[in-house]
Amino acid sequence: MRIFVAGGTGAIGRPLVHGLVAAGHKVTVFSRSERRIAALGLTGVVASVGDALDAEGLTRAVQAAKPEVVLNQLTSLPQSANPLALKRGFDTTSRLRREVSGTLAAAARAVGARRVIAQSISFAYRPGPGTRTESDPLWTDAPGQIGKLTGSLAALESVTLGGDAVEGVVLRYGSFYGPGTYFAPGGLYASMIAKRRLPIPGAGGGLFGLVHIDDAAAATVASLVGPVGVFNVVDDVPARASEWMPFVAGLLGAKAPHHVPEAVASVGAGRFLTYLMCDQPAVSNRRARSELGWTPRYPDWHEGLRTALVPDGSPAAG
């Protein structure tokens, strides 16, 4: 199968492209950097270099690849706690979702592609009790920073699912962990927890849907065929912030995080991170398991995080 991957050199792009090649697909990787494509270390991958925000250039790249499936994995998130860097990363990612998703969907239709698959997130549901499924809407009327984020996700999902001529699949991934993610050794969350710079706000009641980056890539490969629509891609066990944060600290040999009032965290860390830590609801993966035939290698984040953060089984793993 001919597949065009926009964002094939990012955290999920790397294991995804490796998985696609291993499955025998012909893959074109679109990236800003030819060096990053070469760093994938794969023969037979077609490099397509350009700026995703250049709509004409991106369209030409899709036309040249003549894909059967277009995969949209575009983000621009920094590995930095600097507030300005984080804001720029969120703003650029929101712009990619609002503008480039439409470009990719239109280009896919124009070349006769069969399917478009796009990256969304599972941690943008409205807070409140209960477990969220794919039929629950995103929290698009949220105030401020959160509403801007969820609005861009809604735009991405709408253009991905809205074309009758092309099958649309949206994968609402959970919070990634594993190589190249915020939870990797040296990654944003891991390094901040190791230095005790990421406190637990309030009761830390936010329920993270975590997923190993390799499991997310496997779900994406599974979504090349079969049912269409929206799928939550998370593991089986919701991870309460007040539990996973000290767990990660223990794996890293660090002291447990401090606790701070929720209002203090909202000012210091921003409303979105505070929402994640305090209010995000649990998410179900039942549809992805049953309809995609996807089984995560790490169904429980306790095992997965231990493997990701202490791969040598050192005593810090506890």
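Attention in this report is confined to the structure presented alongside it.

Quick notes on the rules
Residues numbered from 1 in each chain as written. Predicted model: local features only at pLDDT ≥ 70, side-chain atom pairs only at ≥ 80, totals over all residues. Heavy atoms only, no water. Buried < 20%, exposed > 50% of the residue type's maximum accessible area, 1.4 Å probe, protein only. Helix = DSSP H or I, 4+ residues; strand = E, 2+ residues; numbered from the N terminus. Pairing = 2+ DSSP bridges. Lys, Arg positive; Asp, Glu negative; His and termini not counted. Salt bridge = Lys/Arg side-chain N within 4 Å of Asp/Glu carboxyl O. Polar contact = N/O pair within 3.5 Å; in protein donor to acceptor, adjacent residues only side chain to side chain. Contact = heavy atoms within 4.5 Å.

## Quick word on the pairing of strand 5 (residues 115–121)
Taken across its 7 residues, strand 5 has 7 buried, putting it largely inside the fold. Strand direction decides the pairing type here: strand 4 (residues 69–72) and strand 5, joined by 4 bridges, are parallel. Counted as the bridge partner of valine 70 is valine 116 from strand 5. Pairing geometry for strand 5 and strand 7 (residues 167–173), over 7 bridges, is parallel.

## As for unusual backbone geometry
Of note in this structure, lysine 66 is not a glycine but carries a positive phi near 50°. By the element assignment, lysine 66 lies in the loop between helix 3 (55–65) and strand 4. Given a relative accessible area of 52%, lysine 66 falls into the exposed group. Positioned with a positive phi, arginine 196 is a non-glycine residue whose angle comes to about 60°. Locating arginine 196 in the fold gives a position in the loop between helix 6 (188–194) and strand 9 (200–201). Residue classification places arginine 196 among the partly exposed positions, given a relative accessible area of 30%.

## Regarding the side chain of arginine 132
Note that arginine 132 resides in strand 6 (residues 131–132). Put simply, arginine 132 is tucked away with no salt bridge, and the nearest opposite charge, on aspartate 136, sits 4.9 Å away. Within polar-contact distance, the side chain of arginine 132 engages the backbone oxygen of arginine 126 at 2.9 Å. Residues in contact with arginine 132, not counting those within four places in the same chain, are Tyr125, Arg126, Pro127, Asn232, Pro281, Ala282, Val283 and Ser284.

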